[in-house]
Amino acid sequence: MIDAVKHLFGVKTFSHGIHPPDSKDGTRDLPIRQFAFAPLLIVPFSQHIGKPAIPVVGEGAEVTRGQMLAKPDGFMSVAIHAPATGVISRIGLTPAINGKMTPGFFLKPYEASTQEVMEGAVVDPETATPEEILTAIQNAGVVGLGGAGFPTHAKLKVPEGRSIDTLILNGAECEPYLTTDHRVMLEHAEDVMRGIPYLLRATRAERVIIAVESNKRDAAESLRAAIPPGQPITVEVLPVKYPQGAEKMLTSALVGREIPSGGLPLDVGVICTNIGTTAEIGHLLPRGMGLYERVITVGGPAVKKKGNYRIPIGTPLRFILDVVGVEDDITTVVMGGPMMGAAASSLDISITKGSTGVIAFTERETGRVNNQTEYPCIKCGACVDACPIFLNPSSLGLLAEKGRYDEMVDDFHLRDCFECGCCTFVCPSHIPLVQKFRVAKAAVRKAAQVAK
Amino acid sequence: MTQLAKTLTIRSSPHIRANSGVDTIMFNVVLAMLPVCAYAVYVFGMAALLVLVTATLTCVLTEHVLCRINGKPTTIGDWSVTITGILYGLTLPPSLPLWIVIAGGVIAVGVGKYLFGGLGYNTFNPALVGRAVLQAAFPAAMTTWPDAPLNRFGSLPSSTLAIPLTKPVYDGVSGATPLSDWKFNGDAADTSDLFLGTISGSTGETCALLILIGGAYLAARKMMNWQIPAAILVTVAVFSGVLSLIDSDQFAGPSFMLFSGGLMLGAVFMATDMVGSPITHLGSILYGILIGVLVVLIRVWGGMPEGVMYAILIGNAVTPQIDNWIQPRVYGSVKKRPAS
Ligand code: SF4
Ligand code: SF4
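Residues numbered from 1 in each chain as written. Chains lettered and ligands numbered in written order. Predicted model: local features only at pLDDT ≥ 70, side-chain atom pairs only at ≥ 80, totals over all residues. Heavy atoms only, no water.

- As recorded by an unreviewed UniProt entry, chain B carries the name Ion-translocating oxidoreductase complex subunit D and is attributed to Novipirellula artificiosorum.
- Its UniProt record gives chain B a comment under Subunit (unreviewed entry), which states: "The complex is composed of six subunits: RnfA, RnfB, RnfC, RnfD, RnfE and RnfG." (UniProt positions renumbered as here; feature names shortened; annotations may be inferred.)

- Looking at an unreviewed UniProt entry, one finds chain A named Ion-translocating oxidoreductase complex subunit C, with Novipirellula artificiosorum as its source organism.
- As stated in UniProt under Function (unreviewed entry), the record for chain A gives "Part of a membrane-bound complex that couples electron transfer with translocation of ions across the membrane."
- Taken verbatim from the UniProt record of chain A, the Subunit (unreviewed entry) comment is "The complex is composed of six subunits: RnfA, RnfB, RnfC, RnfD, RnfE and RnfG."

See below:
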């Protein structure tokens, strides 16, 4: 209700959501710095949703930084590039964040190499066709850098007979601790502006709205100053709220359109892309380069030398933590933000294109969360007030306890839950609601597969 | 390169949580009720103190013993049973024999809470369950109100320490509450007396001001759903206002209705019990309106002067239905009501 009032007064925001402490002080003022090369980089074939890429070099091959190592396998797949000049010592299995083993390149960088980057064919946004731009993005290996890792060219493809009017660039960066987008907007506003013409041309959108939360006003100013004259680009400063960066929330907040359940922003004439992705396109495409490194926030209470680093894809977590130094009582390393990121099970997993942050916690913080007593649901309604999708996590939780998964899907819209964790964050009974929903979703998926 | 030899803990996101817990919320409710308790003791003296302490201890002990009998860890640490105990004590006449206080307390927790499955599963507000049973079993004792005694800290009403199952003798004057005065004699008390609670009635019902302060504290800390008391009070004010416009001789006006009897205590501390009230805002408002209407209906047309207790119990009973009907409209979907 209060959100509705805010809307009346022109404050752009979405309904519900939460206000976790933003915890960005540790890194927001630290400029992006190049990270060291690990002695061994492990680059998985698949770093995104969709099909793994097909290797084009074999074991023993000498590769140059920026060279394509694997090519896309069909539309839902992107290329993989060498993060360093060196030799492919092995192709083998490597652990992924979900604990599964996936194939990858083991690359030993040459220590004496200048690490110059290989450049390729340049694409001009003025003359290229939309298809050519999409193919160039695919071959540059660009996926959503905001964490989801969806192939960007697939997202930008407007299907035959459909059209969009608005392109939303997501610079909200609502997850606590993360400051990569903040730094990129501040330091590389021109890359963002160079990327926008490609996106406009590819999608035929009429206008671009860049969304920035009000705790990054400096970034918003930097972007505003960089907008070339006559461009249909606006920068909107939104109130700080989680999960502002979710596509549905951004679309509601900025253009006041609700994306239909099970649908995409495309269904209401909108495409959302991460701001870092846009900057990367603006950096890579004019040079004909591929994506071989990305900006990552290394932070959290357990990290000594916190910072925003440009880290080569394939750098193992262990190496990163060794370089920055960690507290002795480190207990948990989260890949991504603390609200939706996954805890790493092993330090052997490596940085991929979707990694936004490496956030390490000590016993103090994790102990506080782990030792919370779980009480029965007291029907306080806090979760109902927090859920940005307007689900009823309390009812869903009670049904999950009884294993009534079908009811959760049919009557309580379980499929619409995008696991933002707001309900779990606020629940005073400390019920692991979103975990229960994940289990329920997996069970329903499995049942559907068996039925087939 | 040093080797990090660490065992990592894996857990599911979110990896950070808000600070509040059920125990914190409940503890704050206890805090919010303490001024009301203190004032009750000030007005009614030792007898009120004994009733409140006995009520609270009985409820806490009952829960503790029941948990232990069932071989479960005790749940008194979540503070919810302390709330039940204090609330229950606040609804009792200050001269009620202590053995009746104990009996009602055991029923409140044993039947009103534990039988339903404990915290989170009780349909009705346990404190009111206890009181409702006493009202049925001991109607005379439950409706005898002493005037504030002169020597209230030096002596006890003889009824307080009455021997179990005897008919207590009430000394002093059995004063009428403002509500029964109004209902049976047609006299409406002064609003300022009602507001400040310098008037006879149940232990904690009398001081509207302190109850409102306690409620405001909880609402400000987001530990209470303010929409519920607001809906109840507005409904009572509007409904009784309309009635008194029609016939001001027969129907008392809104200010009397709002500040007399257990309405404030019930609206702020009982109807807002999270477990027994609806989960959505719209549901809460409907629930509040329902209770408000019932309060006026029972007070005006019912056989007894006070209707708050029954109104809230009926509200509690309807809550699951309200929760069933009023589901939030899911983002990006047309409204669909669950089949159940
Ligand atoms: S995790 Fe799912 S149910 Fe919980 S708040 Fe987010 S969308 Fe709603
Ligand atoms: S926040 Fe937790 S305790 Fe409150 S209604 Fe939701 S599930 Fe129940």
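**Let's talk about the site of ligand 1**
All names here are of chain A.
Alright, step 1. In the neighbourhood of ligand 1, 14 residues make up the surrounding shell, with Cys387, Cys417, Cys420, Gly421 and Cys423 lying closest.
Alright, step 2. Put simply, ligand 1 lies in the second largest cavity.
Alright, step 3. Broken down by secondary-structure element, the contributors of at least two residues to the shell around ligand 1 are helix H14 (422-426) and helix H15 (433-451).
Alright, step 4. Of the residues assigned to the shell around ligand 1, the class counts are 12 nonpolar, 1 polar and 1 charged. (Near = heavy atom within 4 Å. 1 Å grid on protein atoms, 1.4 Å probe; cavity = no way out; pocket = protein on both sides within 12 Å on 5 of 7 lines; lining within 4 Å. Sits in = over half its atoms within 2 Å of the grid points. Helix = DSSP H or I, 4+ residues; strand = E, 2+ residues; numbered from the N terminus. Nonpolar A, V, L, I, M, F, W, Y, C, P; charged D, E, K, R; others polar.)

**Quick look at the pattern of salt bridges**
All names here are of chain A.
Alright, step 1. All told, the structure shown has 20 salt bridges over all chains when counted by the stated rule.
Alright, step 2. With a shortest N-O distance of 2.7 Å, aspartate 267 and arginine 162 are connected by a salt bridge. Of this pair, aspartate 267 sits in the loop between helix H7 (247-255) and strand S12 (270-274) while arginine 162 is found in the loop between helix H3 (152-156) and strand S9 (166-171), placing the two residues 105 residues apart along the sequence.
Alright, step 3. For glutamate 419, the salt bridge is made with arginine 438, and the minimal N-O distance between the two is 2.9 Å. Of this pair, glutamate 419 sits in the loop between helix H13 (405-412) and H14 while arginine 438 is found in helix H15, placing the two residues 19 residues apart along the sequence. (Salt bridge = Lys/Arg side-chain N within 4 Å of Asp/Glu carboxyl O.)

**So, the sheet that holds S9 of chain A**
Residue and element names in this part refer to chain A.
Alright, step 1. Across the sheet, which stays open at both edges, the 4 strands sit in the order S11-S10-S9-S12 with parallel pairing between neighbours. The open sheet is flanked by strand S11 (233-238) and S12, the only strands paired with a single partner. Strand-to-strand twist of the sheet, defined as the mean angle between neighbouring strand axes without regard to direction, takes the value 25 degrees. (Pairing = 2+ DSSP bridges. Axes fitted to C-alpha atoms, helices over the stretch in contact; angles between N-to-C directions.)

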